[in-house]
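In case you want the letters, here they are:
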Amino acid sequence: MKTHHLILAALAAIFMAGAASAQCYADYKAKQDNPLRLHYGVIELPAAACGSRGDAAREIDRRIGRNGWQLLNVMSIFGADGLAERKASAGQFFLRF
């Protein structure tokens, strides 16, 4: 009986570790002024920024701001299964930041 519980506990730990390391991404729109430039991008986020659009927005704004971009909107937060459908639209801004 103890062995059964240990096995279940080990499997639960493995499952939780896998879930915690699941990849999270967001797609967003950003701009630069003088001259006006717009871009749509896809960015990988740390787990701490995956909980809400507000968390994602703070992380994205910090990272793209280093290159003079201003975040306009976080479109969505998604997993790795959503990357392929967004790659062509993001172009040079696919996982750039």
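Predicted model only: the values in this text are computed from it and were never measured.

Our focus in this paragraph is the environment of Gln70. With respect to the element layout, Gln70 can be found in strand 3 (residues 70-78). On the basis of relative accessibility, which here comes to 42%, the residue Gln70 falls in the partly exposed class. Gln70 sits 37 residues away from Asp33 along the chain, and the two C-alpha atoms are 8.9 Å apart. Each residue touching Gln70, except ones within four places of it in the same chain, is listed here: Lys29, Ala30, Lys31, Asp61 and Ile64.

For the rest of this paragraph, the subject is the nonpolar core. Nonpolar side chains in soluble globular proteins tend to end up buried together. Judged by nonpolar contacts, the single largest core of 15 residues is most densely connected at Tyr28, Ile43, Leu45, Ile60, Ile64 and Phe97. Mapped onto this core, the elements with two or more residues apiece are strand 1 (24-32), strand 2 (37-45), helix 2 (53-65) and strand 3. Leave out the neighbours within four places in its chain, and Leu45 touches Cys24, Tyr25, Ala26, Cys50, Ala56, Glu59, Ile60 and Arg63. Counting residues in each nonpolar core, the second largest holds six residues, with Tyr25, Val42, Phe78 and Phe94 among its members.

Each disulfide consists of one covalent bond between the sulfur atoms belonging to two cysteines. This structure, assessed with the given rule, holds one disulfide. The disulfide partner of Cys24 is Cys50, and the gap between their sulfur atoms is 2.2 Å. Because the sign of the S-S torsion sets the handedness, a value of about -130 degrees for the bond joining Cys24 and Cys50 places this disulfide among the left-handed ones. In this pair, Cys24 sits in strand 1 while Cys50 sits in the loop between strand 2 and helix 2, placing the two residues 26 residues apart along the sequence. Residue classification places Cys50 among the partly exposed residues on the basis of a relative accessible area of 23%.

Locating Ser76 in the fold gives a position in strand 3. At 2.6 Å, the side chain of Ser76 and the side chain of Asp27 are in polar contact. One polar contact links Ser76 to Arg86, side chain to side chain, over a distance of 3.4 Å. Apart from the residues within four sequence positions on either side, Ser76 is in contact with Tyr25, Ala26, Asp27, Arg53 and Arg86.

Ordered by their spatial adjacency, three strands build an open sheet running 2-1-3, and the pairing between neighbours is antiparallel. Here the strands that pair on one side only, and so sit at the sheet edges, are strand 2 and strand 3. Across the sheet, the axes of successive neighbouring strands diverge by a mean angle of 20 degrees, strand direction being ignored. Sheet topology note: the strand 1/strand 3 ladder contains seven bridges and is antiparallel. Its bridge partner lying in strand 3, Ala30 is registered against Leu71.

Conventions and cut-offs
Residues numbered from 1 in each chain as written. Predicted model: local features only at pLDDT ≥ 70, side-chain atom pairs only at ≥ 80, totals over all residues. Heavy atoms only, no water. Helix = DSSP H or I, 4+ residues; strand = E, 2+ residues; numbered from the N terminus. Buried < 20%, exposed > 50% of the residue type's maximum accessible area, 1.4 Å probe, protein only. Contact = heavy atoms within 4.5 Å. Core = buried A, V, L, I, M, F, W, Y, C linked by side-chain atoms within 4.5 Å. Disulfide = S-S within 2.5 Å. Polar contact = N/O pair within 3.5 Å; in protein donor to acceptor, adjacent residues only side chain to side chain. Pairing = 2+ DSSP bridges. Axes fitted to C-alpha atoms, helices over the stretch in contact; angles between N-to-C directions.

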